[in-house]
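In case you want the letters, here they are:
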Amino acid sequence: MRLKFCGAAQTVTGSAILVTAKDQQVLIDCGLYQGSKALQERNYGPFPFNPAEIDAVVLTHAHIDHSGLLPKLVKEGFRGPIYATPPTKDLCEIMLADSAYIQESEVERKNRKLARQNKPLLAPIYTVADAHATMERFEAVDYYRRVAVTPNIIAVLRPSGHMLGSALVELHVVEEEKRITLLFTGDLGASNRPIVPDPEKPGAADFVIMEATYGDRAREEPEDNYIELARIIKDTFRRGGNVIIPAFAVERTQDLLYGLNRLIHSGELAPQNVYVDSPLAVEATRVFARHVDLFDEEAQRFRHFAGDVPIYFPNLRLVRTPEESMQLNKIKSGAVIISASGMATAGRIKHHLKHNLWRPECSVVFVGYQAEGSLGRQIVDGEPIVRIHGEYVKVQAEIHQLEGFSAHADQRELIDWVSRLERLPRAIFLVHGEERALADLQELLHRRLGVPIEVPAHLSEYALADTSTQIASGLATGRFQPTLWSTTRQLMDVLRELERADIPAEELSELLAQAESLRQTAIRTLKDGSAA
């Protein structure tokens, strides 16, 4: 049996892991890359496998970084089933079509410019028609049901606590009369989150493929964040501004609505003009309302006070049309605008940032992870000026980042969860994380469990050995080392900070001389390597 890490390896997006047992192939997730332009370019390249040879896909949840390349997979020849929970299937129906529409719109806009320059035109990764064709391959699977995804591979989906319908995936594989269990966390949820139940305790597994998004940090308590959000809203309204919240249309927006409703019912916050400005978020909220029976016990109790669907409340306005969205830009104060995308990489949120980011009386509240290279990351990291729709905008609004809203388990929760396995696994593979998170979690888990903790590189492949102490092939077991390119990115971050700081000219000159020396050394190394 082999594992091939086709995405989310040493980065946070593009989740895709290929499981091969004899002549059978199962793909766990098929996600879109988000973040830097270099990462997004991977979306346009060929798959590192033949889509027509994949027997089945098992989807952990609906977020685009886990599902967003499924239409491309189908477009390029995949004809098998896609197994997912009923809420995940319903959410993918709207999310994949929305992703395709955004791609078609972006390509159309770029092609108008290319046509004027007499340059070759672009094609979208996939179209809305491709997204609709993909939905025909979905098969809804309830939690705990055993499904034979191939003759020798059985899948079981269990609640992962990340979002509505998200699942841990157990694969029970029989190969050469041996049974091996693989456990994929997908995105593991934090405990005590609104709406969704906590992640289910893991059973027994030979190999665990585990996310590490927050492997280097602790998460604030959600209740503290809702109180802080109420304070930010009240302070901003007193200054005469708006509160702009970039939020993922699916899961984060609904969590915010639930939390705001609880603040209103508890008296912490007066009913406000809350606008959800995202067609996808509006449709996703309807999907959540259809599956309210899957909400957790606390949400079920709150329904007795707040009504049958506790994510709806008075003064909530769901914005659908572009014309309605543009009208929001005329509101100068007293509005809470929740809009997608959560990393501010696309969507209507960019218009709201363009109109409010330069205003000191306004506040921008980030309530989720911001990937390297995204507009949200630039703002959170303190860039004084950012570029939005080709224009430079000063960052003068108050910027807040409330990480307690994250749907990901933090470092302690990740370690506690995997430590509850019924027996030690042969090895753990860490994916879906940036380098520091991966390195920190690898060291802590190795110290705690004493088993091999691997950090696979992009496109690395592992043959799973029949021993309890080693992995037959792939990266050598040992501490994860940052790549040359990651070190370069970190250096660039520091240099940008130096540019903004008041560094004496002589010190800056010395640093530039050292950088030039490093560049010359690299050039000599390159020449020596070419000569050899």
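Computed from a predicted model, the values in this text were never measured in an experiment.

Enquirer: Before we move on, can you summarise the overall build of the protein with the specific residues and values?
Expert: Across its full length, the protein holds 16 helices and 22 strands. Expressed as a percentage of its 532 residues, the buried residues of the protein come to 55%. With an accessible surface of roughly 23,700 Å², the protein has 52% of that area assigned to carbon and sulfur atoms.

Enquirer: Describe the pairing of strand S18 (residues 391-394), naming the residues involved and giving the relevant values.
Expert: For strand S17 (residues 385-388) and S18, the ladder comprises four bridges, and the chain directions are antiparallel. Pairing of Ile388 across the sheet is with Glu391, part of S18. Hairpin connection of S17 to S18: two residues between the antiparallel strands, including His389 at a positive phi of 50°.

Enquirer: Mind laying out the nonpolar core, listing which residues take part and the relevant values?
Expert: Of all hydrophobic cores here, the largest spans 77 residues; its most connected members are Leu91 and Ile245. Apart from the residues within four sequence positions on either side, Leu91 is in contact with Ala62, Met163, Leu164, Val250, Ala284, Val287 and Phe288. Counting 32 residues, the second-largest nonpolar core is a separate cluster that includes Ile180, Phe184, Ala427 and Phe429.

Enquirer: Lay out the sheet that holds strand S11 (residues 207-211) in plain terms, naming residues and giving numbers.
Expert: With respect to topology, seven strands assemble into an open sheet ordered S7-S8-S9-S10-S11-S20-S21, the strand pairing being mixed. Strands at the two margins of the open sheet, each flanked by one partner only, are strand S7 (146-150) and strand S21 (453-454). In this fold helix H13 (residues 411-419) packs onto strand S9 (167-175), strand S10 (178-184), S11 and strand S20 (427-431), with an angle of close to 165° to the strand it touches most, S11.

Enquirer: Residues and numbers for helix H4 (residues 86-116), please.
Expert: The end-to-end C-alpha separation of H4 is 46 Å, in line with the 45 Å expected for 31 residues at 1.5 Å each. The largest bend in H4 amounts to roughly 30° and is located at Cys92. Following H4 by one or two positions, Asn118 adopts a phi angle in the positive range, close to 60°.

Enquirer: Got a sec to walk through the packing of aromatic side chains? Specific residues and values, please.
Expert: Taken as a whole, this structure holds eight aromatic pairs when the rule is applied. The interplanar angle of 20° and the centroid separation of 5.2 Å between the aromatic rings of Phe47 and Phe49 together place this pair among those described as stacked. Look at Phe49 and you get buried, because its relative accessible area is 12%. For the pair Tyr226 and Phe405, a centre-to-centre distance of 4.8 Å together with 85° between the ring planes defines the contact as edge-to-face. One end of the pair, Tyr226, is in helix H6 (residues 222-239); the other, Phe405, is in the loop between strand S19 (398-401) and H13, and 179 residues separate them in sequence. Relative accessible area serves as the criterion here: at 4%, Phe405 is assigned to the buried category. Feature note: the residues Phe5, Phe207, Phe429 and Tyr462 constitute an aromatic cluster, connected by ring pairs. Cation over ring: Lys72 sits above Phe47, and NZ or CZ is 5.0 Å from the ring centre.

Enquirer: Lay out the sheet that holds strand S16 (residues 363-366) with the relevant residues and their values.
Expert: Across a sheet, paired strands are connected by hydrogen bonds in the backbone, their directions being either parallel or antiparallel. If you trace the six strands from one edge of the open sheet to the other, you get S14-S13-S15-S12-S16-S19, paired in parallel fashion. Only two strands of the sheet have a single neighbouring strand rather than two, namely strand S14 (316-319) and S19. Strand-to-strand twist of the sheet, defined as the mean angle between neighbouring strand axes without regard to direction, takes the value 20°. In this sheet, S14 lies alongside strand S13 (residues 273-277) in parallel orientation, the contact comprising four bridges.

Enquirer: Please set out empty space enclosed by the protein residue by residue, giving values where relevant.
Expert: In the structure shown here, the tally under the stated rule is two cavities of 30 Å³ or more. Here the largest cavity defines a volume of roughly 100 Å³. The wall of the largest cavity is formed by 16 residues, among which Ser15, Ile17, Asp29, Gly186 and Val431 lie closest to the centre. Residue classes in the lining of the largest cavity are distributed as seven nonpolar, seven polar and two charged.

Enquirer: Please set out the packing of helix H7 (residues 252-266) against helix H9 (residues 297-306) residue by residue, giving values where relevant.
Expert: H9 packs onto H7 with a crossing angle of 50° between their chain directions and a minimal axis gap of 12 Å. The orientation of H7 with respect to H9, classified from their angle, is oblique. Where H7 crosses over H9, the two elements pack in a sense that is left-handed. Across the interface between the two elements, Tyr258, Asn261, Arg262 and His265 from H7 touch Glu298, Ala299, Phe302, Phe305 and Ala306 from H9. Residue composition of the contact of H7 with H9, by class: five nonpolar, two polar and two charged.

Enquirer: Which residues make up unusual backbone geometry, and what are the values?
Expert: Put simply, Ala340 and Ser341 share a cis peptide bond, and its omega is 10°. The topology assignment puts Ser341 in the loop between strand S15 (335-339) and helix H11 (349-356). Positive phi is not limited to glycine here, since Ala344 has a value of about 60°. As for its position among the elements, Ala344 is in the loop between S15 and H11. You can call Ala344 buried: its relative accessible area is 0%.

Enquirer: Could you give me a rundown of the pattern of salt bridges, with the residues and numbers involved?
Expert: Any two side chains of opposite charge can pair if their charged atoms end up close together. Throughout the structure, instances matching the rule amount to 29 salt bridges. With its nearest N and O atoms 2.8 Å apart, the salt bridge here joins Arg286 to Glu283. Separated by three residues within a single helix, Arg286 and Glu283 lie in helix H8 (residues 279-290), roughly one turn from each other. Taking the relative accessible area as the measure of exposure, Arg286 reaches 35% and is therefore partly exposed. For Glu283, a relative accessible area of 32% gives the class partly exposed. Of the charged contacts in the structure, one is a salt bridge between Asp440 and Arg436, with a shortest N-O distance of 3.7 Å. Taken together, the residues Asp440 and Arg436, both in helix H14 (residues 435-449) and four residues apart, mark about one turn of the helix. Members of the salt-bridge network, linked through shared partners, are Arg193, Glu251, Arg252 and Asp255.

Enquirer: Any chance you could break down the environment of Ala100 for me, citing the residues and the numbers?
Expert: Positionally, Ala100 belongs in helix H4. Judged by its relative accessible area of 0%, Ala100 falls in the buried class. Along the sequence, Ala100 and Ala129 sit 29 residues apart, while their C-alpha atoms lie 8.4 Å from each other. With residues up to four places along the chain from it excluded, the contact list for Ala100 reads Tyr126, Thr127, Val128 and Ala131.

Rules used throughout
Residues numbered from 1 in each chain as written. Predicted model: local features only at pLDDT ≥ 70, side-chain atom pairs only at ≥ 80, totals over all residues. Heavy atoms only, no water. Helix = DSSP H or I, 4+ residues; strand = E, 2+ residues; numbered from the N terminus. Buried < 20%, exposed > 50% of the residue type's maximum accessible area, 1.4 Å probe, protein only. Areas by Shrake-Rupley, 256 points an atom, 1.4 Å probe, with all protein chains shown as cover. Pairing = 2+ DSSP bridges. Core = buried A, V, L, I, M, F, W, Y, C linked by side-chain atoms within 4.5 Å. Contact = heavy atoms within 4.5 Å. Axes fitted to C-alpha atoms, helices over the stretch in contact; angles between N-to-C directions. Expected span 1.5 Å × (residues − 1). Bend = angle between axes of the 7 residues up to and from the residue. Phe/Tyr/Trp six-rings, centres within 6.5 Å; stacked < 30°, edge-to-face > 60°. Lys NZ or Arg CZ within 6 Å of the ring centre and 35° of its normal. 1 Å grid on protein atoms, 1.4 Å probe; cavity = no way out; pocket = protein on both sides within 12 Å on 5 of 7 lines; lining within 4 Å. Points joined across faces, edges and corners; volume = space filled by probe spheres on them. Nonpolar A, V, L, I, M, F, W, Y, C, P; charged D, E, K, R; others polar. Parallel < 35°, antiparallel > 145°, perpendicular 65-115°, else oblique. Left-handed = near helix turned anticlockwise from the far one by under 90°. Salt bridge = Lys/Arg side-chain N within 4 Å of Asp/Glu carboxyl O.

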